[in-house]
Structures are given as structure tokens and as C-alpha cells.
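Residues per chain, in single letters:
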Amino acid sequence: MKRYLILEDGTVFEGEAFGSPQGSTGEVIFTTGMTGYQEFISDPSNCAQILTLTYPLIGNYGINPEDFEAMTITLAGVVVREWTEQPSNFRSHRTFGELMEERQVPGISGIDTRQLTKLLRTHGSLRGKLTAAGEEPNVEEIVAELNAWSLPHDEVSRVSTQRPYPSPGRGCRVVVMDFGMKHGILRELNKRDCDVTVVPYNTSAETILAMQPDGVMLSNGPGDPTDIPEAIETVRQLIPHVPMFGVCLGHQLISLASGATSFKLKFGHRGANHPVKDLTTGRTELTSQNHGYAIDLKSLENTDLELTHIALNDQTVEGVRHKHYPVFCVQFHPEGSAGPEDSVHLFDQFIQLMHTSTKAGTLHA
């Protein structure tokens, strides 16, 4: 059945429907990863967005239980050039299309994703609508609706856990604030035998400190960091008292809590091949990224933060650390899900930071 992708500027793409027969509206974005489509579509950071996968063939190695980054898929839709109904991989349990149908995510295939990506790179991320399968749309009407439609501001509350839960270990006690956490982050902490408690995004600093953690991890998540001012305030209260490591949205929250400012990128950083320079070592690492906002480099000047990582593609901020407290953060995904694991050593750095702070007697000072 036919399906249309209609953008707020009036551009129309005609293709074939798969997944849910229902239509949807969202911000149209793109990711450039050549592999890792299962991780991309299950990343909570993509909540309420229509994700374009630029690699021309999707689903060739199928879907398997091990590679989900979240069990609930919160995408508004998926755009592909082609998806295969006959995956070839010993790990595959089902097809890409079967997953989209089961999770009720609308998809469109058979369109020129190169043209769409070039359009988004030129004009920036655009609001778009995937029509219901078989529907003949009134384009003018839909464009007017899209231009009147506001992007959501409640994505974090949609994807965060609703109640605390443990992931036991015998090592460092870590509280993870879940803003839309990828399971890859939890896997890396578990590999290091951390005794983890995952808490909702709006958990208070008092509640977290009462758990007497050795460290606090701030996860990734969707949307604009300024949409959750309560979390910024919580992070501001935590910084003087406990070692902290932030990833993606967690990086932005630490930065904002320290006095920096954020801005929306034209079309975001999404993919598994973004080069980042570690200014502390001089080493360049390939990173997995998925975000639409970044920290203003100039705004760091009046804070207690120092720049540690920078993007080589556009010179945007990719990492900072606090000058006085054991707190650091990065904009990219060191857990490498999906993508390279060049930066996975940052989890070891976090473990070492917790051990050092505990020995120094600075914990909860």
C-alpha cells in the first residue's frame, strides 16, 4: 500500500507502507550509521521523531533480542530506502518489518533517502507527517497542520522509568538517573560489577544522596535539556557531593547546572562514525552519537568547567570536566551501542574516580 511522507516545507515523498497502518507526526531526522539499525530504532533518545536510516538496505541481518537499547520503541516513524524480508544472520529471530508491525511503528520504504537527507542537511530537521497506509492526503491541509504543530516537550517523562529498580553487583554503588537510558550504559556498568540502582528522571538530590552512592550516572535521553529544569536543579545540588559521569543529555544537564548554555543543532549529530578529539590525551576517537542539542562553547568561559573533548567535524563541545569536583561528561556514547567502542575506557575512568574520591573521604562531604 502507498504511504506519503509530507514535510512542513511542502515536499512530498511517495513510497510503500510497512509497520503500523496508522499515520504519525514528528520531527524528521537522519542517522548515518551503516549498521546498528536495531540500536538506533530502540534508542529512547529518538522519542517522537521520524528517523531516516541513510544506509540503503535495512534489515539484512534481522532483529535479535540482544541488541535492543530499550524494550519499548518510542519512535514516531521510520524512513528507509529498502528493507529486506529475508535477513541472513544466525542471530536473527525476525525481520525488521515484523518488529515494526509488532511495535506499531509506521514506516515508509522506496523513497530516495539521499534526497531527503540532503534536504535536511540544507534546511535543518523538519516537522513531517507519515500518512496512514493507503490514504490519499490533502497536502496543503497537512502542511498547514505541520506548520501549526509544536514539537513535544515531555519526551523525558515518557521514556524514563516510573519507579526505581536495582541491577545488583558487588562493586561501586551507582545511582543512574534515567532520562531515557540505553541498556548499553547499564551493560557497561554491570561488566564492572557495579551495584546499580536506576531511578526516575525527577528523583530528588536528597533521595539520591540518601542511597549513599559512590557515584551518580546521568543517562542519555531525548529532547531539549531545558525542558527538564527540575533535573538541572537536582544535578546542581549533587555536583558538590558525589562523583558524577554524564552521557549525551546527561552531559548537557551537568553543563547547564554549572552555568553553561545549550542550543539546537541544525540537523543534529546521529551516526556511528563521528570523530572526536580528546584534548587531555591528543587522541582522536570514533564515536556513536545521537543528539539534536549541544553546549555553547563560549558559555563555558564563565563556568567551573573545562573543555576535554571537541568534535572534529564542526568544533562543537563533546566533553567537559569540573575544575573542583570529581564530575565529567561527554556528548557522545562511550558504550558504543551501536558503533565503535573507542571511548569505552571512560567507564573505567568513572570507576577510578569513585575509588579515588572514596579513599580521599570526599564522598557526600
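These figures come from a predicted structure and were not determined experimentally. (Residues numbered from 1 in each chain as written. Predicted model: local features only at pLDDT ≥ 70, side-chain atom pairs only at ≥ 80, totals over all residues. Heavy atoms only, no water.)

Moving on, we get to the packing of aromatic side chains. How two aromatic rings sit relative to each other is given by the distance of their centres and the angle of their planes. Throughout the structure, instances matching the rule amount to 8 aromatic pairs. Here F245 and F350 contribute two aromatic rings whose centre-to-centre distance is 5.6 Å and whose plane-to-plane angle is 50°, an arrangement assigned as tilted. Residue F245 is located in strand β14 (residues 244-247), and its partner F350 is located in helix α10 (residues 345-360); the two are separated by 105 residues in the primary sequence. Exposure remark for F245: the relative accessible area of 0% places this residue in the buried category. Judged by relative accessible area, which is 0%, F350 ranks as buried. Here a set of aromatic residues connected by ring pairs shows up, and it is made of F18, Y37, Y61, W83 and F96. (Phe/Tyr/Trp six-rings, centres within 6.5 Å; stacked < 30°, edge-to-face > 60°. Helix = DSSP H or I, 4+ residues; strand = E, 2+ residues; numbered from the N terminus. Buried < 20%, exposed > 50% of the residue type's maximum accessible area, 1.4 Å probe, protein only.)

On to the UniProt feature "domain: Carbamoyl-phosphate synthase small subunit N-terminal" (unreviewed entry) in the protein, then. Within this structure's numbering, the places UniProt gives as "domain: Carbamoyl-phosphate synthase small subunit N-terminal" (unreviewed entry) are residues 1-131. Between the first and last C-alpha atoms of residues 1-131 the distance is 11 Å; the span itself is 18% helix and 33% strand. (UniProt positions renumbered as here; feature names shortened; annotations may be inferred.)

Following the UniProt record, the feature "binding site: L-glutamine" (unreviewed entry) maps to S45, G221, G223, L249, Q252, N290, G292 and Y293 here. These annotated residues cover 249 residues of sequence, but their C-alpha atoms sit close together, with the largest distance between any two at 13.4 Å. With respect to the helices and strands, N290 occurs in strand β16 (residues 284-295). In this structure, N290 is in contact with D43, S45, N46, C248, H269, R270 and H333, ignoring residues within four places of it in sequence. Side chain to side chain, N290 and D43 meet in a polar contact 2.9 Å long. On the accessibility criterion, G292 (14% relative accessible area) is buried. The contact partners of G292, leaving out residues within four places of it in the chain, are F263, K264, L265, G268 and R270. (Contact = heavy atoms within 4.5 Å. Polar contact = N/O pair within 3.5 Å; in protein donor to acceptor, adjacent residues only side chain to side chain.)

All right, on to the sheet that holds strand β11 (residues 173-178) then. Two orientations exist for strands paired in a sheet by backbone hydrogen bonds: parallel and antiparallel. Read across the open sheet, the 10 strands follow the order β10-β12-β11-β13-β14-β19-β18-β17-β15-β16; overall the sheet is mixed. The sheet is open, and its two edges are formed by β10 (165-167) and β16, each paired on a single side. Between one strand and the next, the sheet's axes are offset by a mean angle of 25°, whatever the strand orientation. Inspection of the sheet shows strand β15 (residues 262-278) paired to β16 by 10 bridges, in the antiparallel sense. Counterpart to V276 in the pairing with β16 is E285. On top of the sheet, helix α9 (residues 249-257) reaches β13 (215-218), β14, β15, β16, β17 (305-311), β18 (317-322) and β19 (327-330); it is set at about 125° to β14, its chief contact. (Pairing = 2+ DSSP bridges. Axes fitted to C-alpha atoms, helices over the stretch in contact; angles between N-to-C directions.)

Ranked by size, the top nonpolar core spans 31 residues in total, and within it F179, V216 and M244 carry the most contacts. Within the second largest apolar cluster, 24 residues are counted, among which are V174, I185, V198 and I351. (Core = buried A, V, L, I, M, F, W, Y, C linked by side-chain atoms within 4.5 Å.)

Among the residues making up helix α3 (residues 113-123), those that are buried are T113, L116, T117, L119 and L120. Burial along α3 is one-sided: seen end-on, the buried residues are contained in an arc of 160°. Set apart from the buried face of α3 by more than 90 degrees, the exposed residues are R114 and K118. Of the residues flanking the start of α3, the one acting as N-cap is D112, its side-chain oxygen 3.1 Å from the backbone nitrogen of R114. Of the residues trailing α3, G124 is marked for its positive phi of about 90°. (Arc of directions from axis to C-beta.)

For the rest of this paragraph, the subject is the pattern of salt bridges. Enumeration over the complete set of coordinates arrives at 17 salt bridges. Notably, a salt bridge pairs R187 with E69, separated by 2.7 Å at the nearest N-O pair. Linking R187 in helix α6 (residues 183-191) with E69 in the loop between β5 (57-58) and β6 (77-79), this pair joins segments that are 118 residues apart in sequence. Put simply, E188, K191, R192 and D348 are held in one network by salt bridges that share partners. (Salt bridge = Lys/Arg side-chain N within 4 Å of Asp/Glu carboxyl O.)

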